[in-house]
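Tertiary structure, described
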Amino acid sequence: MISLQNLALQRGDQELLKDANLTLYTNDRVGLIGRNGTGKTSLFKLLLGELSPDAGNYHCPSDWRLAIMRQETSDIQRTCLDHVLDGHSTYRQLEADIAQAERNNNGEKLAELFDQWEQIDGYSLSAQAMKLLNGLGFKESDHHRQLSEFSGGWRIRLNLAQALMTPSDLLLLDEPTNHLDVEATVWLEGWLQNYSGTLIIISHDRDFLDNIVTRIVHIDQQTLTDYTGNYSQFEQQLSLRQAQQAQAYQKQQETIAHLQDFIRRFKAKASKAKQAQSRVKALARMEQIAPLRAASPFSFHFQAGDKLSTPLLTLQEVSVGYEQPLLEKLNLSLLPGAKIGLLGANGQGKSTLIKLLTTELKPMAGEYHRGEHCHIGYFSQHQQQALDGDASPLLHLQRQDPKASEMELRTFLGSFAFHGDRVFEAVKQFSGGEKARLALALIAWKKPTVLLLDEPTNHLDLTMREALEWAIQDFSGAMILISHDRHLLRSCCDEFWWVHNGRCEAFDGTLDDYQAAITQVNTSPKALEGNSKKAKRQAEAAKRANLQPLTKEIKQLERQMEQLHKQIDDVNQQLTNTQLYEASQQSQLAALLKSQGLAKQELNACEERWIELSEALDDS
């Protein structure tokens, strides 16, 4: 049991927690939420023993094993597989002890160590690490590549795999889905649902929290407030509480009236399309939590330009890529009011398509036409790097529009929660979330007719994500969105384009249909009943693509397992020779024991992989 009693926590001059109380129990699944800067990461450091409370008491069982997803990697010359296995310290220690015993020709010590090795399933841990890597989107060819060959986002994935590899009673995950695509996020959810320890997650991904946690701990106004249920249930409880406590009642009622008017106008349109049913549900939710929206510090909108081309842009037989085409024969058209979500695994070409539409990449073949009134607002994954660190938010806007008055610009920045002297401060002092907010403000000021958003929620807290969601829904122009945030995709997109196998085509189904297809769950004809024929064909195509190499690999594993069984039987036969246990034969005994251990390890890995592939084949 973890206990915080009347706890105070301070960083520099900022008081993060004051008289905070919280009790967590074994097997609790907790979502730790709060606006950026309220102390979520500092609370993690307290749990890890890296910070001490400034007042009050903190207790964590001394025998609990802790694991955390680190944000940095210390040795980038390690291979992916070694980095993940480093998370299992007992495995690494035994590995070193066995090597030392072999050098000392100590047969008795080796026998003892190999017994401990079997107790921790040492022979199967490499296979477990590979399974983690595969689940998080790494190819088998990546397993032995060095960390230095991967971008920062992929290294964070490796840190996540290392944390999952660590035997733990308390697992701390800080934004684990930030660099994951939908496929890897779904896999991670399945893994965490089977985790047997106490789990605490910092996340701004509401769908992820809804599927994993059973408690929400909210940091607000230096206090920890405990709520039972997942994020959606917390949101409703908090909305009711804030509505009851609201002081600015008239402002709240005006905001609610505006939202309800928007909901009525949109529902008539949304109810006509099957893909938009999830938005109808989202709009119903907006009615329930309108008081919470009214209390938000953000009040911005994306206002489209006065004129809209029809279509805004078209692609005809377009190919695009780098040295070689990544996407080919693209035939797409974007109409005013369209809200498109791009689906597909990382590396399939979603960001490449966005870069083509911005003209950052030129077509290798085909024709790309933009309408006269197609004005693009582009948010890239690396948008923050384009900001001038020495310039203030006000100066950024003044550079875009020198004729605008300072009062007009400051009022606009206030809708993105940049108030007072904050508008004059250098951007280099801002957090990641504040920089992302400023980047969105710069886009909104231009009044684009097309929004191209590539992972816009990275670094945004839940309150800002809600504001972004509703701003997108109220936007009269067109939008194309890449996001791992399934709630944002579900609530803002009327249709989806599927980027895969060098193509981009309409996915005539819902986000849930796509999730079912990629996980090979509920893909039977009965489960897909009600979907269009095209959606069924797409689900079946995705399924066939996944199953194609299974049979071949299963046969290779069976041949390999047969050879390993023979090898182990041969070593076992040699170990029956009593002369091996004489002092003069210690080196030969050590060599045989090592050979036996390596063969068992490889056999266990093969068997686990064979079972995994066979089950996948059976489920198909």
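Above this text is the structure in question.
Residues numbered from 1 in each chain as written. Predicted model: local features only at pLDDT ≥ 70, side-chain atom pairs only at ≥ 80, totals over all residues. Heavy atoms only, no water.

A count of helices and strands for the chain gives 22 helices and 18 strands. Put simply, of all contacts in the chain between residues at least 6 apart along the chain, 71% involve residues at least 24 apart. Per element, the accessible surface of the chain, about 29200 Å² overall, is 46% carbon and sulfur. (Helix = DSSP H or I, 4+ residues; strand = E, 2+ residues; numbered from the N terminus. Contact = heavy atoms within 4.5 Å. Areas by Shrake-Rupley, 256 points an atom, 1.4 Å probe, with all protein chains shown as cover.)

Moving on, we come to the sheet that holds strand S1 (residues 2-11). Taken in spatial order, the three strands of this open sheet run S2-S1-S4, and their pairing is antiparallel. The open sheet has two edge strands with one neighbour each: strand S2 (14-24) and strand S4 (55-59). For this sheet the average axis-to-axis angle between neighbouring strands, irrespective of direction, equals 30 degrees. On the sheet, helix H1 (residues 40-47) packs against S1, S2 and S4 and is oriented at approximately 125 degrees with respect to S1. (Pairing = 2+ DSSP bridges. Axes fitted to C-alpha atoms, helices over the stretch in contact; angles between N-to-C directions.)

Relative to the helices and strands, Tyr 378 resides in strand S14 (residues 376-379). It is 8.0 Å that separates the C-alpha atoms of Tyr 378 and Asp 454, two residues lying 76 residues apart in sequence.

Put simply, helix H3 (residues 89-103) and helix H4 (residues 107-119) touch, their axes get as near as 9 Å, and they point 160 degrees apart. Relative to H4, H3 is oriented roughly antiparallel. The interaxial crossing formed by H3 with H4 has left-handed handedness. For the pair H3 and H4, contact is made by Tyr 91, Leu 94, Glu 95, Asp 97, Ile 98, Ala 101 and Glu 102 and by Lys 109, Leu 110, Leu 113, Phe 114, Gln 116 and Trp 117, respectively. By residue class, the composition of the contact of H3 with H4 is eight nonpolar, one polar and four charged. (Parallel < 35°, antiparallel > 145°, perpendicular 65-115°, else oblique. Left-handed = near helix turned anticlockwise from the far one by under 90°. Nonpolar A, V, L, I, M, F, W, Y, C, P; charged D, E, K, R; others polar.)

Using the criterion set out here, one finds 26 salt bridges in the structure. Across the pair Arg 206 and Glu 235 runs a salt bridge, and its minimum N-O distance is 3.0 Å. Taken as a pair, Arg 206 in helix H8 (residues 206-212) and Glu 235 in helix H9 (residues 231-245) lie far apart in primary sequence, 29 residues in all. Residue class for Arg 206 comes out buried when judged on its relative accessible area of 4%. Under the relative-accessibility criterion, Glu 235 is labelled buried at 1%. (Salt bridge = Lys/Arg side-chain N within 4 Å of Asp/Glu carboxyl O. Buried < 20%, exposed > 50% of the residue type's maximum accessible area, 1.4 Å probe, protein only.)

Attention shifts here to the nonpolar core. Of all hydrophobic cores here, the largest spans 57 residues; its most connected members are Val 84, Leu 160, Leu 171, Leu 173, Leu 192, Leu 199 and Ile 201. The element that contributes the greatest number of residues to this core is helix H6 (residues 152-165), accounting for seven residues. Residues within four places of Leu 160 in sequence aside, it is in contact with Met 69, Leu 136, Leu 173, Pro 176, Leu 180 and Leu 188. Formed by 48 residues, the second largest nonpolar core is a distinct cluster that contains Ala 436, Leu 442, Met 464 and Phe 507. (Core = buried A, V, L, I, M, F, W, Y, C linked by side-chain atoms within 4.5 Å.)

This next bit is on the environment of Ala 67. Tracing the chain through its elements places Ala 67 in strand S5 (residues 66-68). For Ala 67, a relative accessible area of 3% translates into the label buried. Sequence-wise, Ala 67 and Asp 169 are 102 residues apart; in three dimensions their C-alpha atoms are separated by 7.9 Å. Those residues within four positions of Ala 67 in sequence are excluded, and the remaining contacts are Ala 163, Thr 166, Ser 168, Leu 170, Leu 171 and Leu 172.

What follows deals with the side chain of Ser 203. Within the secondary structure, Ser 203 sits in the loop between strand S7 (198-202) and H8. Of note is the side chain of Ser 203, whose polar atom sits 3.0 Å from the backbone nitrogen of Asp 205. Among residues more than four places away in sequence, those in contact with Ser 203 are Leu 32, Ile 33, Glu 175, Thr 177, Phe 208, Leu 209 and Leu 462. (Polar contact = N/O pair within 3.5 Å; in protein donor to acceptor, adjacent residues only side chain to side chain.)

At their nearest, the axes of helix H7 (residues 182-193) and helix H19 (residues 511-519) sit 10 Å apart, and the two run at 70 degrees to each other. Judged by the inter-axis angle, H7 sits roughly perpendicular to H19. Residues Val 182, Glu 183 and Val 186 of H7 form the contact with H19, whose own contacting residues are Tyr 514, Gln 515, Ile 518 and Thr 519.

Looking down a regular strand, the side chains alternate between one sheet face and the other. Strand S17 (residues 495-500) sits mainly inside the fold: five of its six residues count as buried. With four bridges connecting them, strand S12 (residues 339-343) and S17 associate as parallel partners. Counterpart to Leu 343 in the pairing with S17 is Trp 498. Relative to strand S18 (residues 503-507), S17 is paired through five bridges, and the arrangement is antiparallel. Note on S18: the bridge partner recorded for Val 499 is Cys 504. Joining the antiparallel neighbours S17 and S18 is a turn of two residues, in which Asn 501 adopts a positive phi near 50 degrees.

What follows concerns the environment of Ser 124. With respect to the helices, strands and loops of the structure, Ser 124 is situated in the loop between H4 and helix H5 (125-135). Separated by 484 residues in sequence, Ser 124 and Glu 608 have C-alpha atoms that sit 8.1 Å apart. Each residue touching Ser 124, except ones within four places of it in the same chain, is listed here: Asn 604 and Glu 608.

Right, let's talk about the packing of aromatic side chains for a bit. Counted according to the given criterion, the structure contains 14 aromatic pairs. With centroids separated by 5.5 Å and ring planes inclined at 55 degrees, the aromatic side chains of Phe 412 and Phe 416 adopt a geometry described as tilted. As far as the burial class goes, Phe 412 and Phe 416 line up, both buried. Here a set of aromatic residues connected by ring pairs shows up, and it is made of Tyr 91, Trp 117 and Tyr 123. A cation sits over an aromatic face here: Arg 145 above Phe 150, 4.3 Å from the ring centre. A cation over a ring is seen here: Arg 157 above Trp 154, with NZ or CZ 4.1 Å from the ring centre. (Phe/Tyr/Trp six-rings, centres within 6.5 Å; stacked < 30°, edge-to-face > 60°. Lys NZ or Arg CZ within 6 Å of the ring centre and 35° of its normal.)

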